[in-house]
Amino acid sequence: MHSNTYISQQHFALESGKSLPAVKIAYCTYGTLNAQKDNAIYVCHALTANADVADWGPCTVGPGLIFDTDKYFVVCANVLGSCYGTTGPLTVNPDTGAPYGKDFPLLTIRDLVNAHRLLAAHLQLSSIHLLCGGSMGGQQAQ
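Going along each chain's sequence as written, the residues are numbered from 1 onward. Local features are withheld for residues below a pLDDT of 70 in this predicted model, meaning they are given only at 70 or higher, and side-chain atom pairs are given and counted only at 80 or more; totals for whole chains, interfaces and linings count all residues. Only hydrogens and water are removed before side-chain values are computed, so all heavy atoms of the structure are retained for them.

A. Up close: the overall build of the protein chain. By definition, any uninterrupted DSSP run of H or I lasting at least four residues is a helix, any uninterrupted run of E lasting at least two residues is a strand, and each is numbered from the N terminus. Looking only at helices and strands, one finds three helices and nine strands in the protein chain. Of the regular secondary structure in the protein chain, the N- to C-terminal order runs β-β-β-β-β-α-β-β-β-α-β-α. What the globule rule says is 2.2 Å times the number of residues to the power 0.38, and the radius of gyration is computed from C-alpha atoms. Its C-alpha atoms give the protein chain a radius of gyration of 15 Å, near enough to 14 Å, the size a compact globule of 142 residues would have. With a 1.4 Å probe rolled over the protein chains alone, any residue whose accessible area is under 20% of its type maximum counts as buried; one over 50% counts as exposed, and the rest are partly exposed. Across the 142 residues in the protein chain, those meeting the buried criterion constitute 42%. Across the protein chain, contacts joining residues at least 24 apart in sequence account for 67% of those joining residues at least 6 apart. Summing over all exposed atoms, the protein chain offers an accessible surface of approximately 7,700 Å²; the carbon and sulfur share of this is 54%. Charge assignment in this entry is limited to Lys and Arg as positive and Asp and Glu as negative, and neither His nor the chain termini are counted. By convention, the point assigned to a charge is CZ for Arg, NZ for Lys, CD for Glu and CG for Asp. In the protein chain, 7 side chains carry a positive charge and 9 a negative one; their mean positions are 6 Å apart. Any two residues having at least one pair of non-hydrogen atoms within 4.5 Å are treated as being in contact. Note on areas: Shrake-Rupley, 1.4 Å probe, and residue coverage restricted to the protein chains presented here.

This is the structure in structure tokens:
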């Protein structure tokens, strides 16, 4: 497993009409992306989980397992607004110099999906072999 962080310095438009001046996305990967960049499995976690699939889904990711890392490049990103390293209420608001706290904008599932799309573009995934998730992750995968 590799823990990573992607930071986009571009304004990130939200469905509410507000925007974030930059977005940081914490994510984990397992396995190797092939030359065609089409062997990705993208896992969207539930509300309370983190990006380490092996942490909350033991026996699901690894050689010969459901998310077989001998065949697939598995990606799981912390959702926007999470407390696991992706931009959220604890992030410093550049306008105030203090954490957003209660002033962090409300998010929709579409906002979370757009953050996943931003990461997929950064990773240059040409296609996603499987997109899956449970609970809130399932809403994002739909």
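Following the structure, the description resumes.
B. The environment of Glu15, seen in detail. Summarising the element assignment, Glu15 is placed in the loop between strand E2 (12-13) and strand E3 (19-20). Put simply, Glu15 and Gly31 are 16 residues apart on the chain and 33 Å apart in space, counted from C-alpha to C-alpha. In this view, Glu15 contacts Thr108, Arg110 and Asp111; residues no more than four positions away in its chain are not counted.

C. Main features of the sheet that holds strand E1 (residues 2-8). Taken in spatial order, the five strands line up as E1-E4-E8-E5-E9 in an open sheet, and their pairing is mixed. Each end of this open sheet is capped by a strand with a single partner; those strands are E1 and strand E9 (128-133). For this sheet the average axis-to-axis angle between neighbouring strands, irrespective of direction, equals 25 degrees. By this definition, two strands are paired if DSSP reports at least two bridges between them. Structural elements are reduced to axes, namely lines fitted to C-alpha atoms, with helices fitted over the stretch in contact, and the angle between N-to-C directions of any two is expressed from 0 to 180 degrees.

D. Broad picture of the pattern of salt bridges. Here, a salt bridge means any Lys or Arg side-chain nitrogen found within 4 Å of an Asp or Glu carboxyl oxygen. A complete count under the given rule lists two salt bridges for this structure. A salt bridge links Glu15 to Arg110; its shortest N-O distance comes to 2.7 Å. Taken as a pair, Glu15 in the loop between E2 and E3 and Arg110 in helix H2 (residues 109-122) lie far apart in primary sequence, 95 residues in all. The partly exposed category is assigned to Glu15, whose relative accessible area is 41%. Of the charged contacts, one joins Asp103 and Lys102 as a salt bridge, the two residues approaching to 3.7 Å between their closest N and O atoms. Taken individually, Asp103 and Lys102 each receive the classification exposed, so the pair is uniform in this respect.

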